[in-house]
Amino acid sequence: MKTINIAIDGPAGAGKSTIAKMVSAKLGYIYVDTGALYRAVALYITENNIADEDIEKALAGADVSLRFVDGAQRVFLGDRDVSDLIRTPAISMAASRTSAIPAVRAYLFETQQKIARENNILMDGRDIGTVVLPNADVKIFLTASAEERANRRYKELAEKPDCPPYEEILQDIIKRDYADMHREISPLKQAEDAVLVDTTTLNLEESAEAIIKVINSKIG
Ligand code: DC
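In short, a report on the structure. What you see is a predicted model, and the numbers here were worked out from it, not measured in a lab.

## Observations regarding the overall build of the protein
For the protein, the helix and strand inventory stands at nine helices and eight strands. Relative to the 2.2 N^0.38 estimate, which gives 17 Å for 220 residues, the radius of gyration of the protein is 17 Å and therefore close to what a compact globule would have. Structurally, the protein occupies a C-alpha span of about 45 × 45 × 35 Å along its principal axes. Within the protein, residue pairs in contact and separated by at least 24 positions form 73% of the contacts whose partners lie at least 6 positions apart. Surface accessibility of the protein: about 11400 Å² in total, with carbon and sulfur atoms responsible for 52%. Counting 27 positive and 34 negative side-chain charges, the protein places the averaged centre of each group 2 Å from the other.

## Some words on the site of the ligand
In the vicinity of the ligand lie 16 residues, with Thr-34, Arg-39, Arg-105, Arg-126 and Arg-183 positioned nearest. Thr-34 is positioned such that a nitrogen or oxygen atom in its side chain is 3.0 Å from a nitrogen atom of the ligand. Note that an oxygen atom of the ligand is positioned 2.9 Å from one of the side-chain N or O atoms of Arg-183. Within the residue set of the shell around the ligand, elements represented by two or more residues are helix H2 (34-47), helix H4 (89-98) and helix H8 (166-182).

## What about the sheet that holds strand E6 (residues 121-125)?
Strand order across the open sheet formed by five strands is E2-E6-E1-E7-E8, with parallel pairing between neighbours. Among the strands making up the open sheet, the edge pair consists of strand E2 (30-33) and strand E8 (195-198). Each strand axis lies, on average, 20° off the axis of its neighbour in the sheet, ignoring direction. By the bridge criterion, four bridges tie strand E1 (residues 5-9) to strand E7 (residues 138-143) in an arrangement that is parallel. Residue pairing across strands places Ile-6 opposite Val-138, the latter belonging to E7. On top of the sheet, H2 reaches E2 and E6; it is set at about 40° to E2, its chief contact.

## Side note on the packing of aromatic side chains
The full count for this structure, using the stated rule, is one aromatic pair. Between Tyr-154 and Tyr-166, the ring centres sit 6.3 Å apart and the planes meet at 90°, which makes this aromatic pair edge-to-face. Residue Tyr-154 is found in helix H7 (residues 146-157), and its partner Tyr-166 is found in helix H8; the two are separated by twelve residues along the sequence. Residue classification places Tyr-154 among the partly exposed residues on the basis of a relative accessible area of 31%.

## Thoughts on the sheet that holds strand E4 (residues 72-77)
Taken together, three strands build an open sheet; the order of strands is E3-E4-E5 and the sheet is antiparallel. At either end of the open sheet lies a strand with only one pairing partner, and these are strand E3 (64-69) and strand E5 (80-81). Two elements, E4 and E5, share two bridges in a ladder whose sense is antiparallel. Looking across to E5, one finds that Phe-76 is bridged to Asp-81. Strands in contact with H2 are E3, E4 and E5; relative to E4, the strand with the most contacts, it is inclined by about 25°.

## Things to note about helix H5 (residues 102-118)
Between its first and last C-alpha atoms H5 spans 25 Å; for 17 residues at 1.5 Å apiece the expected length is 24 Å, and the two agree. Within H5 the residues assigned to the buried category are Ala-103, Val-104, Arg-105, Leu-108, Gln-112, Ile-115 and Ala-116.

## A closer look at the pairing of E4
Looking at chain direction, E3 and E4 are connected through six bridges and run antiparallel. Each residue of the ladder has a partner; that of Leu-66, found in E4, is Val-75. The turn linking E3 back onto E4 is made up of two residues, and Asp-70 within it adopts a positive phi angle of 50°. The loop that links E4 with its antiparallel partner E5 comprises two residues; one of these, Gly-78, has a positive phi angle of about 60°.

## Some thoughts on the pattern of salt bridges
By the definition in use, this model includes 16 salt bridges. For Asp-79, the salt bridge identified is with Arg-67, shortest N-O distance 3.1 Å. On the criterion of sequence distance, the pair formed by Asp-79 in the loop between E4 and E5 and Arg-67 in strand E3 is long-range, its members being twelve residues apart. A relative accessible area of 34% means that Arg-67 is categorised as partly exposed.

## Considerations on the packing of H2 against H4
In contact at an axis separation of 8 Å, H2 and H4 are set at 100° when each is read in the N-to-C sense. By the angle between their axes, H2 is roughly perpendicular relative to H4. Residue-level inspection shows Tyr-38, Arg-39, Ala-42, Leu-43, Ile-45 and Thr-46 of H2 in contact with H4, the latter providing Ile-91, Ser-92, Ala-94, Ala-95 and Thr-98. When the residues that make up the contact of H2 with H4 are grouped by side-chain class, the tally is seven nonpolar, three polar and one charged.

Rules behind the numbers
Residues numbered from 1 in each chain as written. Predicted model: local features only at pLDDT ≥ 70, side-chain atom pairs only at ≥ 80, totals over all residues. Heavy atoms only, no water. Helix = DSSP H or I, 4+ residues; strand = E, 2+ residues; numbered from the N terminus. Rg over C-alpha atoms; globule rule 2.2 N^0.38 Å. Contact = heavy atoms within 4.5 Å. Areas by Shrake-Rupley, 256 points an atom, 1.4 Å probe, with all protein chains shown as cover. Lys, Arg positive; Asp, Glu negative; His and termini not counted. Charge placed at Lys NZ, Arg CZ, Asp CG, Glu CD. Near = heavy atom within 4 Å. Polar contact = N/O pair within 3.5 Å; in protein donor to acceptor, adjacent residues only side chain to side chain. Pairing = 2+ DSSP bridges. Axes fitted to C-alpha atoms, helices over the stretch in contact; angles between N-to-C directions. Phe/Tyr/Trp six-rings, centres within 6.5 Å; stacked < 30°, edge-to-face > 60°. Buried < 20%, exposed > 50% of the residue type's maximum accessible area, 1.4 Å probe, protein only. Expected span 1.5 Å × (residues − 1). Salt bridge = Lys/Arg side-chain N within 4 Å of Asp/Glu carboxyl O. Parallel < 35°, antiparallel > 145°, perpendicular 65-115°, else oblique. Nonpolar A, V, L, I, M, F, W, Y, C, P; charged D, E, K, R; others polar.

Written out as structure tokens, the structure reads:
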């Protein structure tokens, strides 16, 4: 049976995962956060101190996998659930760097395609519409201004004791955007047949509605 695949790409902090979770819950699809796969690989490389030239060989033993518990995605290294460990600024930066390594992308390519073949999914990432699922039924490019994305992140972190200043968060986002858009392999870019959704002036509900509208217009 053919599965329905919806690709959502966009820069860090555009609200992809929150919005994609809301939309997939409404549609009854599985939400796949591919950034978590890249983060898990970055954690593996960092923890094991693997040099770039050894990554390809080392990944054969990494055993990165996704499991779905009550519809929610968890990411594993072997039998260890690392879903929470991968959400640190250090792993964000490490993932941005290691995701540009061809051996890392090749390693995760088949994992992502297999999930899409077997399930109705809404998959978010950077190169889903362009590289991983070029034949996706619907492609969306979700973005917001860098300032608005920094603002949202700042508000999220404001309650925490070690919240970085707004300016630092903004510079981090700009740096990550640049790295993600300018890497040689699978750079972040809007697929030609993707619909642009800009959430700069939209709240979460409005953003989810905008995406559902696009989906209905394509496959409704
Ligand atoms: O979406 P995120 O912030 O969790 O992603 C972490 C890093 O992984 C980010 O720097 C870009 C990279 N990534 C990628 O290269 N391709 C994807 N499909 C998803 C994420």
